[in-house]
Amino acid sequence: MELLVDSFLSAILLIFSLDTEVLSIVWVSLKVSGISTFFASLMGIPLGFLIAYGSFKGKRILIIFLNTMLALPTVVIGLFVYSFISRRSILGSLDLLYTQKAIVIGQIILILPVVATLTIAAISRIDERYRKTAMTLGANRWQTACVIFREARFGIVAAVIAAFGRVIAEVGISMMLGGNAKGFTRTMTTAMALEYDKGEFILAVALGIILLVLSFGINLIFNFFQGRTRA
Amino acid sequence: MLYVLSKITRKYGSRTVLDIPLMEIEKGKIYALLGPNGAGKTTLLNILGFLEVPTTGDILYRSKTVNFSESFLQNLRREVVMIDQHPILFTGTVYKNVEFGLKIRRISQKKRGIIIEETLDLVGMSDFVQAQAHRLSGGETQRVALARALAVSPEVLLCDEPNSNLDVENQTAIINTLKQINEQRKTTIMFTTHYMYQVSSLAHHTFFLDHGKLTATQAESFKLCQ
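Residues numbered from 1 in each chain as written. Chains lettered and ligands numbered in written order. Predicted model: local features only at pLDDT ≥ 70, side-chain atom pairs only at ≥ 80, totals over all residues.

Draft legend 1. Looking closely at the nonpolar core. Core analysis: the biggest nonpolar cluster contains 120 residues, and Ile111(A), Val115(A), Ala159(A), Ala163(A), Leu33(B), Ala147(B) and Leu158(B) have the highest contact counts within it. Tallying contributions element by element places helix α5 (residues 100-124) of chain A first for this core, with 16 residues. For Leu158(B), the residues in contact, after removing those within four places along its chain, are Leu45(B), Leu48(B), Gly49(B), Val80(B), Met82(B) and Met190(B). (Core = buried A, V, L, I, M, F, W, Y, C linked by C-beta atoms within 7 Å. Buried ≥ 20, exposed ≤ 12 C-beta atoms within 10 Å, placed from the backbone. Helix = DSSP H or I, 4+ residues; strand = E, 2+ residues; numbered from the N terminus. Contact = placed C-beta atoms within 7 Å.)

Below you can see the structure in the form of structure tokens.
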């Protein structure tokens, strides 16, 4: 208990001292997670929208597949991407392994289903009368889709926030594809794992506190948007 | 004739919800569509509003056969507007709602402002122009939905139970507005209702639907409803 209290107090001091190592790790985490969330949203939102809005053969199977992908462990994604970007593999010449780009690729695979399925849920919740009203007022397919998108916007923002929350807290992909290189691919979660291995708890606890505060903030925003959706 | 429906059927799976051998609708008239719940009234309005395609049969609109391709229907929808039984307003202000159809038709901003002002005035909602649509009461929502439809100056206005769940004041306001636009703009109106006094005070002609079939003349409709 004493160890925890001491580590906690030292960690608080470390955070408020604006330690450069802590700042660098937080920056790498935010940058990598931000980029992967951006690209996953760029693909996942239109994908989710098309699946929810369209009617085509195999739609249910596709939704089941995406839902299954939600349960994909990060280490499996890490292994999968590794098999493509390791030195001897098909994309080895691109030198992606142990770079931030590699982490981003893995994280996109991780959260693309999150964005897509939550977008599907957000669009599916939209009252059918919006579509009918837009159509009867003379809107074409594109304009009708814009109406539905607009009405579902809070749910879609909530999907993006949930995806960001998922990647900022993942460790498997960052560790396997990033390699935990100091100042380069070391994220909050990989740094915490390393510090724990070393028996150095202060930095690990400091990063844990930051991660918790970030998660709290993300959940706060997520709840706000979910509340707007229900309203 | 504005509409001529011949041998129209609409099936959902094996269930036939509409079966109309012949139906004619004249321009500039008000029609009441009566019938019990599940008679096919809303389905018929959806077909007349080009929102639903019949399973079989032909529709002549302005003496031209309706081609049920999406692009063709979209052009026709610019002339026919349907108001739902429980209309839904888009998120945003009353102004933005009424502006929707006008913006789609690329009407200039200045002209849009004038039309919105006029139509909201017509339905007695001019004080609510900047009000948030989702904060309106049921009656106010119905009136804004009517204004939104009227703003685009439709040839045909289809109203699915325009007075359901409204108080007397709002019912009277809606009936008066429908009468007024029919007289002034010669807009063809078809409305569904369960209230006989609305039929007698508003409609020029009455159709009675039962189990998807047109079953009675006007006089018989009165008897059936009583």
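Structure shown, so let's carry the discussion forward.
Draft legend 2. View of the interface of chain B and chain A. Counting from both sides, the interface comprises 17 residues of chain B and, opposite them, 15 residues of chain A. The element best represented in the side of chain B that touches chain A is helix α3 (residues 94-104) of chain B, accounting for 3 residues. The class makeup of the residues in the side of chain B that touches chain A is 8 nonpolar, 4 polar and 5 charged. (Nonpolar A, V, L, I, M, F, W, Y, C, P; charged D, E, K, R; others polar.)

Draft legend 3. Molecular detail of the packing of helix α2 (residues 20-53) of chain A against helix α8 (residues 153-168) of chain A. Residue and element names in this part refer to chain A. It is at 9 Å that the axes of α2 and α8 come closest, and there the two elements cross at 140°. Comparing their axes, α8 and α2 come out oblique. In this structure, the crossing between α2 and α8 has a hand that is right-handed. For the pair formed by α2 and α8, the contact residues are Ser29, Ser33, Ser36, Thr37, Ala40, Ser41 and Ile45 on the first element and Ile156, Val160, Ala163, Phe164, Val167 and Ile168 on the second. Each residue belonging to the contact of α2 with α8 can be placed in one class, and the counts come to 8 nonpolar, 5 polar and no charged. (Axes fitted to C-alpha atoms, helices over the stretch in contact; angles between N-to-C directions. Parallel < 35°, antiparallel > 145°, perpendicular 65-115°, else oblique. Left-handed = near helix turned anticlockwise from the far one by under 90°.)

Draft legend 4. Examining the pairing of strand β2 (residues 15-25) of chain B more closely. All names here are of chain B. In this structure, strand β1 (residues 3-12) lies alongside β2, joined through 9 bridges in antiparallel fashion. Within the sheet, the bridge partner assigned to Tyr12 lies in β2 and is Arg15. Counted along the chain from β1 to the antiparallel partner β2, the turn is 2 residues long, and its residue Gly13 has a positive phi close to 70°. (Pairing = 2+ DSSP bridges.)

Draft legend 5. Main features of the domain arrangement of chain B. Residue and element names in this part refer to chain B. Each domain of chain B was delimited in the assignment, giving domain 1 (1-79 + 155-167 + 186-226) and domain 2 (86-153). Using C-alpha coordinates to define each centre, domain 1 is positioned 25 Å away from domain 2. Taken together, the contact pairs 5 residues of domain 1 with 4 residues of domain 2. Class assignment for the residues of the side of domain 1 that touches domain 2 results in 3 nonpolar, 1 polar and 1 charged. (Domains from an automatic or database assignment.)

Draft legend 6. Geometry of unusual backbone geometry. Despite not being glycine, Asp95(A) shows a phi value in the positive range, around 55°. On the secondary structure map, Asp95(A) appears in the loop between α4 (74-85) and α5. Residue class for Asp95(A) comes out exposed when judged on the 12 C-beta atoms lying within 10 Å of it. Of note, the phi angle at Lys186(B) is positive, near 60°, even though the residue is not glycine. Here Lys186(B) shows up in the loop between α6 (168-185) and β8 (188-192).

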